[in-house]
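The chain contents come next:
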Amino acid sequence: MTVNTDPVLADRRIAALAALAIGLQVIEAAIPSPVPGIKPGLANVITLVVLVTLGWRAALAVTLLRVVGASLLLGTLLSPGFWLSLTGALAALAVLGALLRLHPHHLSALGLAVPAAIAHTLAQFLLAWAVIIPHPQLPLLLPPLLLAGLITGVVTGILTASVLADPRIQRHVRDSSTTQSG
């Protein structure tokens, strides 16, 4: 197999995946939530697929493009929602970066998704409590928020595993596995 090191191709993949993640985040923002602030995080499936197939740096690029791009489209750039989204995304990526070397031999996509979702939820909560709503009773919301993070992490992990198992995706994974960065 020849190694494909074409930076233009890599940039196009990242741009296409970021656009897909932005689209998912915008669609998800339009869906009403029974509990404010709790969303399934379907765009995180794209982040996990990128992480596993293209590496941590590509996942970072897709995530940053997604957070900024979606906030531009939704009109929330530099709002509290933007900072919460960015904080959660960066915390999840930090956890994913630490756990990536355990995948696939010791951790599945589900094993990556759940800790990332918990980190995402916890980071958002800490920012909200420290800066946005520093109310002494706010920590009472943490257990249900972490439960929601656990559930969304399981859903994200299952969806990611399904996407990665798809033969059409596998063809692309084989093509890009030789160009994985970081």
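Before reading on, note that the structure itself is shown above.
This is a predicted model, so every value here is computed, not measured. (Residues numbered from 1 in each chain as written. Predicted model: local features only at pLDDT ≥ 70, side-chain atom pairs only at ≥ 80, totals over all residues. Heavy atoms only, no water.)

**Focus: the packing of helix 4 (residues 80-99) against helix 5 (residues 109-132)**
If you want to describe how two helices pack, look at the angle between their axes and the distance between the axes.
Next, step 1: Between helix 4 and helix 5, the least distance of the axes is 7 Å, while the angle of their chain directions is 140°. Classed by the angle they form, the pair helix 4 and helix 5 counts as oblique. In the crossing of helix 4 with helix 5, the sense of the turn from one axis to the other is right-handed. Only G111, L112, P115, A116, A119, H120, A123, Q124, L127, A128 and I132 of helix 5 make contact with helix 4, whose side of the interface consists of P80, W83, L84, S85, T87, G88, A89, A91, A92, V95, L96 and L99.
Next, step 2: Each residue belonging to the contact of helix 4 with helix 5 can be placed in one class, and the counts come to 17 nonpolar, six polar and no charged. (Axes fitted to C-alpha atoms, helices over the stretch in contact; angles between N-to-C directions. Helix = DSSP H or I, 4+ residues; strand = E, 2+ residues; numbered from the N terminus. Parallel < 35°, antiparallel > 145°, perpendicular 65-115°, else oblique. Left-handed = near helix turned anticlockwise from the far one by under 90°. Contact = heavy atoms within 4.5 Å. Nonpolar A, V, L, I, M, F, W, Y, C, P; charged D, E, K, R; others polar.)

**Notes on the packing of aromatic side chains**
Geometry of an aromatic ring pair is reported as the spacing of the ring centres plus the angle between the planes.
Next, step 1: Applying the stated criterion across every chain, the model contains two aromatic pairs.
Next, step 2: A ring pair is formed by F82 and W83, whose centres lie 4.9 Å apart and whose planes are at 75°; its orientation type is edge-to-face. (Phe/Tyr/Trp six-rings, centres within 6.5 Å; stacked < 30°, edge-to-face > 60°.)

**As for the packing of helix 5 against helix 6 (residues 142-165)**
Next, step 1: With their axes 7 Å apart at the nearest point, helix 5 and helix 6 run at an angle of 145° to one another. For the element pair helix 5 and helix 6, the recorded crossing hand is right-handed.
Next, step 2: Of the residues contributing to the contact of helix 5 with helix 6, the split by class is 16 nonpolar, seven polar and no charged.

By themselves, these figures tell us nothing about what the structure is for.
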